[in-house]
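Next come the chains, spelled out residue by residue.
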Amino acid sequence: MVYLERTITSKLRELSEQFPAVFLTGPRQSGKSTLLTHALSHYAYFSLEDIDIREYATEDPRGFLEHCGSRVILDEVQRAPSLFSYLQTKIDKEDTPGMYLLSGSQNFLMLKGVSQSLAGRVGVLSLLPLTLDEMRAGEHAPSSGEGWIVNGCYPRAITRNIPAPNFYPSYLKTYVERDIRNETSVRDVLCFETFLTACASKVGSPINLSDLGRDIGIDSRTVASWISILEESYIAFRLAPYYRNTGNRHIKTAKLYFYDTGLLCSLLGLNTEAGVKASKRIGLLFENAVIAEKRKQLHHLGKAPRMFFWRDKSNKDKEIDLIIEQSHDHLELFEIKSSKTANRSYLNAMKQLASKSEAECTLRVIYRGESLLQHSNVSASYQNWRAL
């Protein structure tokens, strides 16, 4: 498989020199195993997907860890959950940086083991699908905005030129049948598939748990639980509303976005660039692609994303698509438009919030036009999506 250099590599190496264990998680097929074996090729590699290795680790964990040595990659380690306690014992005894690199796709299982046994002993990173920078560096940059949206950013699909109509249905089937059916409390997988499609249809809109549940015949508590599963398995994420009072961010209605627009398009039945271009959802799809791109960039730098949207209380039509809180006194505001034509009105909501904010605000418009425009009277710029 072609290897694309990942931005997160330097952070991975940095944490491996500071913590006895580093936990690399992320969605299925995001390239975790490939990254680990390339970035730290001097480490021994064991995959607990292999049934023989899994049985060895489960039946004789002490013997298995003795056999592994002191610089080890344990891939899909959640397959042997009892191993975490023995890892803790060995780490506490030796306490040497870089002893173990742990990886796994099922974040809901991994985090339980990490929090119970390895808290304070492990650095945590998330590897997501490819960013535009990573694709450009590997000479796999998308040829168009519609292509970027519909083909998504999973390494295997990109490097092997697997068409979206072939890759994503198989990906979804594996995710639902293997991760959801086997690793969660969800028993009605057909209903969960319907739920996934319903979430795709609501992308970029405030989440109403009751309405979403009513549409598919489940209660709001189940909806909340299933959205958490989507987040924990890196399928989707919530974007909270921005309030200066940080407490309000957690109690107000959030929006839902997908980490990968190829997966989103597949759920919506959009399988071609022409289909995306003609879709009434093109604006929301482009918005999702940009917001997901920014989120991936921050994760791959090892930073916790502080990302929000803003809506004017007195005028619900006036909102800011994305706010990144760079620090307490610096906000980066983004208006995201699928249009190819620049328009000064795109700045209106951002200028309104900036005028009221105590923080310094940088204003950006991300659109599909080719011109890079700069306004001299305000700190604002128009940026083509390719330059993200």
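Residues numbered from 1 in each chain as written. Predicted model: local features only at pLDDT ≥ 70, side-chain atom pairs only at ≥ 80, totals over all residues. Heavy atoms only, no water.

## Side note on a negative patch on the surface
Taken together, the side chains of D50, D52, E55, E59 and D60 define an acidic patch exposed on the protein surface. Along the polypeptide, D50 turns up in the loop between strand 2 (44-47) and helix 3 (51-59). (Patch = residues over 30% accessible without salt bridge, like charges linked within 9 Å, V, L, I, M, F, W, Y side chains within 5 Å. Areas by Shrake-Rupley, 256 points an atom, 1.4 Å probe, with all protein chains shown as cover. Salt bridge = Lys/Arg side-chain N within 4 Å of Asp/Glu carboxyl O. Lys, Arg positive; Asp, Glu negative; His and termini not counted. Charge placed at Lys NZ, Arg CZ, Asp CG, Glu CD. Helix = DSSP H or I, 4+ residues; strand = E, 2+ residues; numbered from the N terminus.)

## Topic: the packing of aromatic side chains
A full pass over the atoms with the stated rule returns 16 aromatic pairs. Between the aromatic rings of Y154 and Y168, the centroid separation amounts to 6.2 Å while the plane-to-plane angle is 70°, which identifies the pairing as edge-to-face. With a gap of 14 residues between them, Y154 in the loop between helix 8 (145-151) and helix 9 (155-159) and Y168 in helix 10 (residues 164-183) connect regions that are remote in the sequence. Summarising the burial analysis for this pair, Y154 and Y168 share the class buried. Three or more aromatic residues link up through ring pairs in this structure, and these residues are Y154, F167, Y168 and Y171. Just above the ring of F309 sits the side chain of K255; from NZ or CZ to the centre is 4.5 Å. (Phe/Tyr/Trp six-rings, centres within 6.5 Å; stacked < 30°, edge-to-face > 60°. Buried < 20%, exposed > 50% of the residue type's maximum accessible area, 1.4 Å probe, protein only. Lys NZ or Arg CZ within 6 Å of the ring centre and 35° of its normal.)

## A look at the nonpolar core
With 71 residues, the main nonpolar core has W148, Y175, F192, F195, L196 and L230 as its most contacted residues. Leave out the neighbours within four places in its chain, and F192 touches Y175, I180, V186, W226, I229 and L230. Among the nonpolar cores identified, the runner-up in size contains 21 residues, and V72, F84, L118 and V122 belong to it. (Core = buried A, V, L, I, M, F, W, Y, C linked by side-chain atoms within 4.5 Å. Contact = heavy atoms within 4.5 Å.)

## Looking at the sheet that holds strand 1 (residues 21-25)
Strand order across the open sheet formed by five strands is 2-3-4-1-5, with parallel pairing between neighbours. With partners counted over all chains shown, the strands left at the sheet margins are strand 2 and strand 5 (122-126), one partner each. The average undirected angle you get between the axes of adjacent strands in this sheet is 15°. As paired elements, strand 2 and strand 3 (residues 72-75) share four bridges and run parallel to each other. Its bridge partner lying in strand 3, A44 is registered against V72. Helix-sheet contacts for helix 2 (residues 32-39) involve strand 1, strand 2, strand 3 and strand 4 (100-104), and the interaxial angle to strand 1 is about 145°. (Pairing = 2+ DSSP bridges. Axes fitted to C-alpha atoms, helices over the stretch in contact; angles between N-to-C directions.)

## As for empty space enclosed by the protein
Unoccupied space between atoms shows up once a probe the size of one water molecule is rolled over them. Inspection of every chain in the model, using the stated rule, returns three cavities of 30 Å³ or more. A volume near 70 Å³ is recorded for the largest cavity. In terms of lining residues, the largest cavity is bounded by 10 residues, among which Y3, L4, R6, T34 and P155 are the most central. Elements with a minimum of two residues in the lining of the largest cavity: helix 2 and helix 9. Taken together, the residues that form the lining of the largest cavity break down as six nonpolar, three polar and one charged. Estimated volume of the second largest cavity: approximately 50 Å³. What lines the second largest cavity is W148, C153, Y259, D260, T261, A289, A292, E293 and K296. Take the lining of the second largest cavity: its biggest share by element is four residues, from helix 16 (residues 282-300). Its residues assigned to classes, the lining of the second largest cavity comprises five nonpolar, one polar and three charged. (1 Å grid on protein atoms, 1.4 Å probe; cavity = no way out; pocket = protein on both sides within 12 Å on 5 of 7 lines; lining within 4 Å. Points joined across faces, edges and corners; volume = space filled by probe spheres on them. Nonpolar A, V, L, I, M, F, W, Y, C, P; charged D, E, K, R; others polar.)

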